[in-house]
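Descriptive structure summary
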Amino acid sequence: MMELQDSPRDGGHADDLPILCQACGTDPLSDVLRMVKLTGAVFHLVDASFPWGVEVPAPSAYAPIILPGAQHIISYHIILKGSGWAGIPDGASTWFEAGDILVLAHGDRYSLLSTPGQAPEYDAEATIAFFREWMAGKLPFVTREGGGGPGGAEYVCGFLGCDMRPFNPVLSTLPRLLRVKRAQRGRDDLLNRLIDLALADARLPRVGGESIRLRLSELIFVEVVRLCLESLPAHETGWLSGLRDPAVGKVLAILHERPAYPWTLNELARQAGMSRAALAARFTHLIGHAPMQYLALWRMQIAARLLADSATKVSAVGREIGYDSEAAFSRAFKKIVGMSPAAWRGSAGSTC
């Protein structure tokens, strides 16, 4: 479990924060979030009295109910009042309190409990039944549960769909359970404003409200990722940490700006102002892939999105990411993705 406190925007080291590539204006985080296609998000508010508890199964059990067609589901919980415990398999229980946001990005089953180790009021089967009634419109936005005692909790449950395959570097860098501490600077904080807007809209049903709530939920997740990025410890590795590194962040921006260009390690090292060996070592240490391997993976994510979303010919998709021949592109795609471009288009990617 990773726990993040307030971000450096409170007077920390501004020089450590990721900056858009000055030469190209490229924003790799927005680029990735666009290509992994954040899809319809749903959420509801829980008012729980003590004792309370819920067990949420793996997304494969409920994805067809709440987000059919989503390749992957991210679960998040915004704690508005009270406190409790979050648990995942093979992990220690994590205490949370008002002002926290819990993000489960890797498809784990988990529990939210008023007391660690207690039997949940809603086990996995009951939770799935709840989801069915919720999505059928049979339940109010605010649901009440628990034993009726004092010392409960109020929290928002949110679920967001996205692509995981063939390559989602944002999710790969997040821990199984991420606890983010919301800022204590009042309602002027962006995340607080987004949450207030989402809750206000949900409480006042209006035409178009579902579309508004979906977009707000996506924006909440993006802001949580940005808080995660800004609050990472200096020693942390991963894609988000790579964005913050001056040299690696610049190389990422360059690769995302011109993925079809025939980049070489020599050229990337020159752009970063480093030797080949130094860049390769630092990039691999932070990102987990060598620069040219990362480029190949990112090209295939772009190709997968184009194949799923358009009728563009396979050869044209290959040219879009730098392959002169359809045969070369198809071989590279199958090597990384595990199936041919035509097969991927036919399946549009597998779901959770």
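Okay, so let's go over this structure. (Residues numbered from 1 in each chain as written. Predicted model: local features only at pLDDT ≥ 70, side-chain atom pairs only at ≥ 80, totals over all residues. Heavy atoms only, no water.)

As a further point, take the pairing of strand β10 (residues 178-181). Of the two faces of β10, both are covered, the one formed by Leu178 and Val180 as well as the one formed by Arg179 and Lys181. Inspection of the sheet shows strand β6 (residues 100-104) paired to β10 by four bridges, in the antiparallel sense. Across the sheet, the residue bridging to Asp100 is Lys181, located in β10. (Buried < 20%, exposed > 50% of the residue type's maximum accessible area, 1.4 Å probe, protein only. Helix = DSSP H or I, 4+ residues; strand = E, 2+ residues; numbered from the N terminus. Pairing = 2+ DSSP bridges.)

It is worth spelling out empty space enclosed by the protein at this point. Throughout the structure, instances matching the rule amount to six cavities of 30 Å³ or more. His44, Val54, Thr127, Phe130 and Cys157 are, among the 14 residues lining the largest cavity, the residues nearest its centre. Listing elements by their share of the lining of the largest cavity, those giving two or more residues are β2 (39-50), β3 (53-56), α3 (124-135) and β9 (149-162). Class assignment for the residues of the lining of the largest cavity results in ten nonpolar, three polar and one charged. (1 Å grid on protein atoms, 1.4 Å probe; cavity = no way out; pocket = protein on both sides within 12 Å on 5 of 7 lines; lining within 4 Å. Points joined across faces, edges and corners; volume = space filled by probe spheres on them. Nonpolar A, V, L, I, M, F, W, Y, C, P; charged D, E, K, R; others polar.)

In this structure, Ser111 sits in strand β7 (residues 110-113). In this structure Ser111 touches Val54, Glu55, Trp85, Ala86 and Gly87, once residues within four positions along its chain are discounted. (Contact = heavy atoms within 4.5 Å.)

Further remarks concern the pattern of salt bridges. Evaluation of the coordinates by the stated rule reveals 14 salt bridges. Its salt-bridge partner being Arg179, residue Glu97 comes within 3.9 Å of it at the nearest N-O pair. Here Arg179 lies in strand β10 and Glu97 lies in strand β5 (residues 94-97), a separation of 82 residues in the sequence. Note that Glu223 is salt-bridged to Arg226, the shortest N-O span being 2.8 Å. With a gap of three residues between them, Glu223 and Arg226 both fall in helix α6 (residues 209-231), about one helical turn apart. (Salt bridge = Lys/Arg side-chain N within 4 Å of Asp/Glu carboxyl O.)

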